[in-house]
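Structural characterization, general
Below are the chains, spelled out letter by letter.
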Amino acid sequence: MGKKFIRVILVVLPFILMLGAIPFVNRIDPIILGLPFFHFWLFLGMVITPICTFVIYRLQKSEGSIE
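Structural notes, computed from the coordinates. (Residues numbered from 1 in each chain as written. Predicted model: local features only at pLDDT ≥ 70, side-chain atom pairs only at ≥ 80, totals over all residues. Heavy atoms only, no water.)

Considerations on the overall build of the protein
Each helix and strand in the protein was counted, giving three helices and two strands. Walking the protein from its N terminus toward its C terminus, one meets helices and strands in the order α-α-β-β-α. Relative to the compact-globule value of 11 Å for 67 residues, the protein shows a C-alpha radius of gyration of 15 Å, a clear excess of over 25%. Projected onto the principal axes, the alpha-carbon positions of the protein cover approximately 45 × 20 × 15 Å. Once local pairs closer than 6 in sequence are excluded, the contacts in the protein between residues at least 24 apart make up 57%. For the protein, the exposed surface amounts to about 5,100 Å²; the carbon and sulfur share of it is 74%. (Helix = DSSP H or I, 4+ residues; strand = E, 2+ residues; numbered from the N terminus. Rg over C-alpha atoms; globule rule 2.2 N^0.38 Å. Contact = heavy atoms within 4.5 Å. Areas by Shrake-Rupley, 256 points an atom, 1.4 Å probe, with all protein chains shown as cover.)

Rendered as structure tokens:
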């Protein structure tokens, strides 16, 4: 159950980050790295999504389900 649960979390996390949290982060303040908070949040999502995808790939490869 451990690796399967982690995969589910990693699949759902980018969706929640990019779509589910938008109503809560749709604001200008605070300014982070010169970006309004909303833009920083979207940029963070663009960084985290490929990382999650890579971790899912590595988990599946370690189980032997990808050749």
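Examining unusual backbone geometry
For the bond from Asp29 to Pro30, the omega torsion is 0 degrees, close enough to zero to count as cis. In this structure, Pro30 sits in the loop between α2 (22-25) and β1 (31-32). You will see that Leu33, though not glycine, has its phi angle at about 55 degrees, which is positive. For Leu33, the location among the structural elements is in the loop between β1 and β2 (35-36).

Examining the environment of Leu19
The residue Leu19 is located in helix α1 (residues 2-20) in this model. The exposure class of Leu19 is exposed, given its relative accessible area of 55%. Spatially, the C-alpha atoms of Leu19 and Lys4 are 23 Å apart, while their sequence positions differ by 15 residues. (Buried < 20%, exposed > 50% of the residue type's maximum accessible area, 1.4 Å probe, protein only.)

Side note on the environment of Arg7
Positionally, Arg7 belongs in helix α1. Here Arg7 falls in the buried class, since its relative accessible area comes to 19%. Residues Arg7 and Tyr57 lie 50 residues apart in sequence; the distance between their C-alpha atoms is 9.4 Å.

A word on the nonpolar core
Membership of the largest hydrophobic core is limited to five residues, which are Leu17, Ala21, Val25, Phe37 and Trp41. Sequence-distant contacts of Phe37, that is, excluding residues within four places in its chain, are made with Val25, Arg27, Ile28, Asp29, Pro30 and Ile32. (Core = buried A, V, L, I, M, F, W, Y, C linked by side-chain atoms within 4.5 Å.)

Describing a nonpolar patch on the surface
A surface patch of nonpolar side chains, about 720 Å² in accessible area, is lined by Leu35, Phe43, Met46, Val47, Ile51, Phe54, Val55 and Tyr57. If one sorts the elements of the nonpolar patch by residue count, helix α3 (residues 37-63) sits on top with seven residues. Assignment of secondary structure puts Phe43 in helix α3. (Patch = residues over 30% accessible without salt bridge, like charges linked within 9 Å, V, L, I, M, F, W, Y side chains within 5 Å. Salt bridge = Lys/Arg side-chain N within 4 Å of Asp/Glu carboxyl O.)

So far we have only geometry, and geometry alone does not tell us how the molecule works.
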